[in-house]
Amino acid sequence: MAVFDTPQEAFGALRPVCVQLTRAQTVENVARLQAHLAAVSASALQELQEYVLFPLRFALKVPGPKQERLVQSVVQCISSVLAATCVKKQELLQELFSELCTCLSPPSGSGRPAPLSEELKLAVIQALHTLMHSAYGDVILSLYQPSTLPLLGFAVSLLLGLAEHEKAKQIKISALKCLQVLVLQCDCQEHRHLDEDEAQQCGDLFASFLPGISITLSRVITGDIKQGHKPTVSAIRLFYLIVGLVMADAQLARIPKNKEKLPAEQSRISELTVHRGPDWSKSTAEKLSLLLHKMVEFSSVHPHWKVRLELVELVHHLLRNCSQSLVDSFSHLLKALVGLVNDENSEVQSRCNEVLQGIAEQRIVAQNRALADVLSENLHSLATALPRLMNSQDDTGKVSTLSLFLGYLKLLGPKINIVLNSISHLHRLSKALMQVLELDVTDVKIVEDRRWGCESACRPSGSLQHGVQKGRCQKKYFRFFTEEKVFQLLQQVCRVLGYYGNLYLLVDHFMGLYGESGMYRKQAAMVLNELIAGAAGVGVDVLQEREVSLNTDDLKGSITSILDEYTDQANWYLITSIDTEEISHEHSVQHSGLTARPGACSSILLPSPELHVTTRTMNSNIWQICIQLEGVGCFAAVLGEEFRLLLLSALYPVLEKAGDKTLLISETALGTLVDICEACSYDSLQCLINENSDYLVNGISLNLRQLAHQARASQVLDTMLRHSDASLLPLVEDVIQDVLSTLDQSYNNQASTFLRVLHSVMAALVQWFGSSCGEKHRQRQTAEWQSRTLSQGQHMVTRQEVERFFLDYVRQKQIAEGNFPDAGDEEADEIPPLAKLEPNDSATEGETSLPSHAQLAKDVMERCIHLLSDGNLRVRLKVLDVLELCVTVLHPHGNHLLPMAHRVWPALVTRLISDDPLAVLRAFKVLCTLAQKCGDFLRQRFSKDVLPKLTGSLLSQAPASARAGPVYNHTLAFKLQLAVLQGLGSLCEKLDMGESDLNKVADACLIYLSAKQPMKLQEAAQSVFLHLMHVDPDSTWLLLNEVCCPHQYEPPHTSLRPVKLSGMGRQRNEFTDNVLLLLERLQQRE
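Residues numbered from 1 in each chain as written. Predicted model: local features only at pLDDT ≥ 70, side-chain atom pairs only at ≥ 80, totals over all residues. Heavy atoms only, no water.

K.L.:
I'd like a rundown of the overall build of the protein chain, residues and numbers included.
P.N.:
Along the backbone of the protein chain there are 53 helices and zero strands. In the protein chain, 77% of the contacts between residues at least 6 apart in sequence involve partners at least 24 apart. (Helix = DSSP H or I, 4+ residues; strand = E, 2+ residues; numbered from the N terminus. Contact = heavy atoms within 4.5 Å.)

Here it is in structure tokens:
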């Protein structure tokens, strides 16, 4: 069809169709007009707009009932005309608006919309929407005059009815969008922006509709969830747009107190208008608060994320435009906004954070005291309910509650001091934190886990520092929650308080709680640590910067006061173990940690009211010390190099705890030391100790002279030695000599404490010097052996040497059978006098003085000889440990080690043959070390004094272990058997034992090759025979074949008698498997 571009052509084409429609209002005629309109250009149609609309409007005005199809087609045709043209006359706009609304009007007397088809309703709504968009800016404002208020009210009520009562989702959404256009809040950008006066005029008009609109929309928002999310989203948007316009602070501020008097002819209209004065604003705000509360509660938990996102926009819009008029509603609105920060949907989270950031940057709360008061009241209410909520909610609920709590604090920002300056608020807030942060102190494992000195004695300090860095903070277990996210939120709460709050006030208040009761002490310490971190801006997430930055001197002053309180004797030296030895040292200065001290800064030594301490108390004390240690590390990180000034008061106590026997405490203290290194720019823990060693050594020396402080001084020295290097030895040498002198004067009283110090010293010497000296000694021995072997290889064996070999063999056999002329001669041959020892570097060693570390080891070994017979088993065990280390250090200096071994032997034998099994076990370890270092020097002594007891013990215990069950593996008797079997083979090899002694060992160990013995004992017995194969393979082969011989040996010549061994032809028995295994190994060696 041709397009008609000019009005004349279009008129010619449209006139017949319009006339026909005017005469007969039928669907066909409307369709014909619609078809012709498609061929008319927009410019031509604009000129003929009223002419074309006339027959359509006439069809709607014809009295009498009309077919719905006809009305629908007419309305759709009107809509297409309006879409292509602009309405330029006010009268036309108002008439069309009225006529279209009439299509939806209900029967007279009915409050509900007319029972029309959904298609017709949708067509009329769309036509109204198009009409509002087709009107020019000035023309559209003619609809918003007091005189048109009844017409507007009619349209609003129709559309609200459709939005609320219609079942069809599309009609609901269309009606709400049409309403949004009707109140001049359309989302599109086509409309002219209203100036201030025009907006004020529209606000006055829409105030009349606000009650109906807000109530109906709240019902739509909180309606059946089956309606879907789109109607709910549209209703929320319309709600905050209309409320934001009518209740805008800027508009209400310009409203005069009294209503203007209108002329008499407008009195009827004036009754419909609302005066938005103070009384009306207050009354309306109260009613809106109820609606908002209901809407927020429903929408904040709506399953669809777009509804929750629109709720964020509602809060943002109202807070930006109505922060004063709706101040009472923000209790609910801000709660919803802050609660949605942790929404499961990332878009909701992101938008929520943006809105909160915007609120902070615009200082909406900071500049509105009423809003700050609302937030502080919310905070107080939540703090009151916090312990109950944390006790009753699941982890998800706890995270939500704490997120809300943290959000309030962030929104308050610099205004947080309004809360802190109120005694009731601060008291409620602090007590809530104390109750929520209560630790679970029922775990026995915390108390049981102990640190053993040997575990870390041989570990380089560098690797230890790297290891500690990986797990700096100890995982805590709380009574009311298990989720890590909950603890992180509580940390942020404390840090935000420290960032914005008055630091002196907060520190003073929580220090008061720290000293008030042992029940709150751990929680208060945790809060104080986080407050300091927050005050320094470390790891704190805030919405806005604080108004005044913190002075470093103030921060240092607060840290100093906290540090003094932490390291006070009453708070630092708590009972953490039921070790009677430790308690005896600490009892004069420790207390249980659960009784409040009368003075916050008192350093009076308080004796414990009772020696009986529960596991719960010790667990609590351990955690208190750990939290305080973490605090010291936090303070160091905050102050950086400024913390060097506090090292005089902080480093010594931390080193004490690094040497503590409780594993958790020592690990935490090591983490703190690493923090101090990083903060104070020390390259390593070793540098930290060495550069402060003068002050540390002085402290150790002074404390070793006081009975109550000796154990702690030994812990400091132990830590220094474990984490430093040989350069520390000259600095601590005088202290060690003081220890030895004091030990000489008090063997009976303080031996255990000083032995702990000596063990640390010797372990350090082994770490620093043992491996290098031992390696040199082994290299020297290897070189000598190689040169000797080489010279022997170059020398031809003569007939005389062969003859001498067989004569010596006969003589040795006679001696083995007991036929020897003079036992004294043999003993003289076996035991060289000390004055005639082999000259293996003896002369040079005797002439030169011992190195300082070796002399120290010798001095310590002297004391160990005297203490080996101490009546206290614990002391004897420690002495044996120290003795083993001394032997290791003295190993390269044989002419000094051998006389000391000669002197220590009688006491060591006593420990081996007639002592507690624990001491026997430890003494056997020392014997193995001595044999390894001294070699055949101990052969005759071992053979005469020890070997018979060991073999006798093995033989007597074998039947018991053979018939024992799996529980036997955990007994002390089993451990003793295992240790002897594991060490006996190497002893025989190192000491180069004679044939008769080797036979005794083989006979005693043979029974342990039985399959009835525990597997570990079988394996240990196998190791004995493997060593015996090195010493005397022939005898070992013969012994094993006597038990089980897997092969028949045919003589190489008929003149020789056949070989007959006891093990030939035997049935499989309990020894077969192990014996065959050993014979196979022996064959592989050959």
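K.L.:
Talk me through the packing of helix α5 (residues 68–84) against helix α7 (residues 118–134); I want residue IDs and the actual numbers.
P.N.:
With their axes 9 Å apart at the nearest point, α5 and α7 run at an angle of 20° to one another. Between α5 and α7, the angle is such that the two are roughly parallel. With respect to the hand of their crossing, α5 and α7 are arranged in left-handed fashion. Touching Glu68, Val71, Gln72, Val75, Gln76, Ser79, Leu82 and Ala83 of α5 are Glu119, Leu120, Ala123, Val124, Gln126, Ala127, Thr130, Leu131 and Ser134, all from α7. Per-class residue counts for the contact of α5 with α7 are nine nonpolar, six polar and two charged. (Axes fitted to C-alpha atoms, helices over the stretch in contact; angles between N-to-C directions. Parallel < 35°, antiparallel > 145°, perpendicular 65-115°, else oblique. Left-handed = near helix turned anticlockwise from the far one by under 90°. Nonpolar A, V, L, I, M, F, W, Y, C, P; charged D, E, K, R; others polar.)

K.L.:
Any chance you could break down unusual backbone geometry for me, citing the residues and the numbers?
P.N.:
Its identity as a non-glycine residue notwithstanding, Leu184 has a phi of 60°, on the positive side. With respect to the helices, strands and loops of the structure, Leu184 is situated in the loop between α10 (169–182) and α11 (196–206). Its identity is not glycine, yet Asp992 carries a phi of approximately 50°, on the positive side. Mapped onto the secondary structure, Asp992 falls in the loop between α49 (972–991) and α50 (995–1006). Here Asp992 falls in the partly exposed class, since its relative accessible area comes to 46%. (Buried < 20%, exposed > 50% of the residue type's maximum accessible area, 1.4 Å probe, protein only.)

K.L.:
If you had to explain the packing of aromatic side chains to someone new, which residues and values would you point to?
P.N.:
The final tally for this structure, using the stated rule, is 11 aromatic pairs. An aromatic cluster is defined as three or more aromatic residues linked by ring pairs; in this entry it consists of Tyr144, Phe206 and Phe209. Above the face of the Tyr499 ring, Arg546 is positioned so that its terminal group lies 4.2 Å from the ring centre. The aromatic ring of Tyr573 is capped on one face by Arg712, whose charged end is 3.7 Å from the ring centroid. (Phe/Tyr/Trp six-rings, centres within 6.5 Å; stacked < 30°, edge-to-face > 60°. Lys NZ or Arg CZ within 6 Å of the ring centre and 35° of its normal.)

K.L.:
Report on the pattern of salt bridges, specifying residues and quantitative values.
P.N.:
Tallying each qualifying case throughout the model produces 25 salt bridges. The shortest N-O distance in the salt bridge between Arg57 and Glu99 comes to 3.1 Å. One end of the pair, Arg57, is in helix α4 (residues 49–61); the other, Glu99, is in helix α6 (residues 90–104), with 42 residues separating them in the sequence. Residue class for Arg57 comes out buried when judged on its relative accessible area of 13%. Residue classification places Glu99 among the buried residues on the basis of a relative accessible area of 13%. Several salt bridges share partner residues, and in doing so they unite Arg57, Lys61, Glu95 and Glu99 into one network. (Salt bridge = Lys/Arg side-chain N within 4 Å of Asp/Glu carboxyl O.)

K.L.:
Provide a residue-level description of the packing of α6 against helix α9 (residues 149–165), including the pertinent values.
P.N.:
Contact geometry of α6 with α9 gives a least axis separation of 10 Å together with a crossing angle of 35°. You can see that α6 and α9 cross each other, and the crossing is left-handed. In this structure, α6 uses Gln94, Phe97, Ser98, Cys101, Thr102 and Leu104 to contact α9, whose residues at the interface are Leu151, Phe154, Ala155, Leu158 and Leu162. Here the contact of α6 with α9 is composed, by residue class, of eight nonpolar, three polar and no charged.

K.L.:
Report on the confidence of the model for the protein chain, specifying residues and quantitative values.
P.N.:
For residues with low pLDDT, the predicted coordinates do not support detailed interpretation. Predicted confidence across the protein chain gives a mean pLDDT of 83, with 86% of residues reaching 70 or more. This stretch, residues 822–847, has a pLDDT under 50; its non-local contacts, to residues over four places away or in other chains, come to 20 contacts. (pLDDT = per-residue confidence, 0-100.)

K.L.:
Before we move on, could you go through α4 and cite the residues and values that matter?
P.N.:
Along its 13 residues, α4 runs 18 Å from first to last C-alpha, staying within 8% of the 18 Å computed at 1.5 Å per residue. By the largest-angle criterion, Pro55 marks the main kink of α4, which is about 25°. Buried within α4 are the following residues: Gln49, Val52, Leu53, Pro55, Leu56, Arg57, Ala59 and Leu60. Packing partners of the buried residues in α4 comprise α1 (7–23), α2 (27–37), α3 (42–47), α5 and α6. (Expected span 1.5 Å × (residues − 1). Bend = angle between axes of the 7 residues up to and from the residue.)

K.L.:
Pulling in residues and values, what's your account of the side chain of Ser218?
P.N.:
Summarising the element assignment, Ser218 is placed in helix α12 (residues 210–221). Those residues in contact with Ser218, other than ones at most four positions away along the chain, are Leu291 and Met295.

K.L.:
Mind laying out the environment of Val17, listing which residues take part and the relevant values?
P.N.:
Locating Val17 in the fold gives a position in helix α1. Take Val17: its relative accessible area is 6%, and that puts it in the buried class. Once the C-alpha coordinates of Val17 and Ala31 are considered, the two residues, 14 residues apart in sequence, prove to be 9.9 Å apart.

K.L.:
Please set out the environment of Cys1045 residue by residue, giving values where relevant.
P.N.:
With respect to the helices and strands, the residue Cys1045 is situated in the loop between α52 (1033–1043) and α53 (1072–1085). Relative accessible area serves as the criterion here: at 7%, Cys1045 is assigned to the buried category. On a C-alpha basis, the gap between Cys1045 and Lys1060 in space is 10.0 Å, while along the polypeptide they are 15 residues apart. Dropping the residues within four chain positions of it, Cys1045 is found in contact with Leu1061, Gly1063 and Met1064.

K.L.:
Describe the nonpolar core, with residues and values.
P.N.:
Counting residues in each nonpolar core, the largest one holds 348 residues, and the members touching the most others are Leu314, Phe643, Phe942 and Leu984. Not counting chain neighbours up to four residues away, the residues in contact with Phe643 comprise Leu563, Val632, Phe635, Ala636, Ala650, Ile676 and Cys680. (Core = buried A, V, L, I, M, F, W, Y, C linked by side-chain atoms within 4.5 Å.)

K.L.:
Pulling in residues and values, what's your account of helix α18 (residues 330–339)?
P.N.:
Since there are 3.6 residues in each turn of an α-helix, residues three or four apart along the chain are aligned in direction. Taking burial as the measure, the 10 residues of α18 include seven buried ones, the bulk of the element. Within the span of α18, buried status applies to Phe330, His332, Leu333, Leu334, Ala336, Leu337 and Val338. Buried-residue contacts for α18 involve α16 (278–299), α17 (305–321), α19 (346–361), α20 (369–392) and α21 (395–412).

K.L.:
Explain a positive patch on the surface to me, using residue names and the numbers behind them.
P.N.:
A surface patch of like charges, here positive, comprises Lys169, Lys177, Lys230 and Lys306. Following the sequence through the fold, Lys306 ends up in helix α17. (Patch = residues over 30% accessible without salt bridge, like charges linked within 9 Å, V, L, I, M, F, W, Y side chains within 5 Å. Areas by Shrake-Rupley, 256 points an atom, 1.4 Å probe, with all protein chains shown as cover. Lys, Arg positive; Asp, Glu negative; His and termini not counted. Charge placed at Lys NZ, Arg CZ, Asp CG, Glu CD.)

K.L.:
I'd like a rundown of the environment of Tyr144, residues and numbers included.
P.N.:
By secondary structure assignment, the location of Tyr144 is in the loop between α8 (137–141) and α9. When sequence neighbours within four positions are dropped, the list of residues in contact with Tyr144 reads Met132, Leu152, Val181, Leu182, Val183, Leu184, Gln201, Cys202, Leu205 and Phe206.

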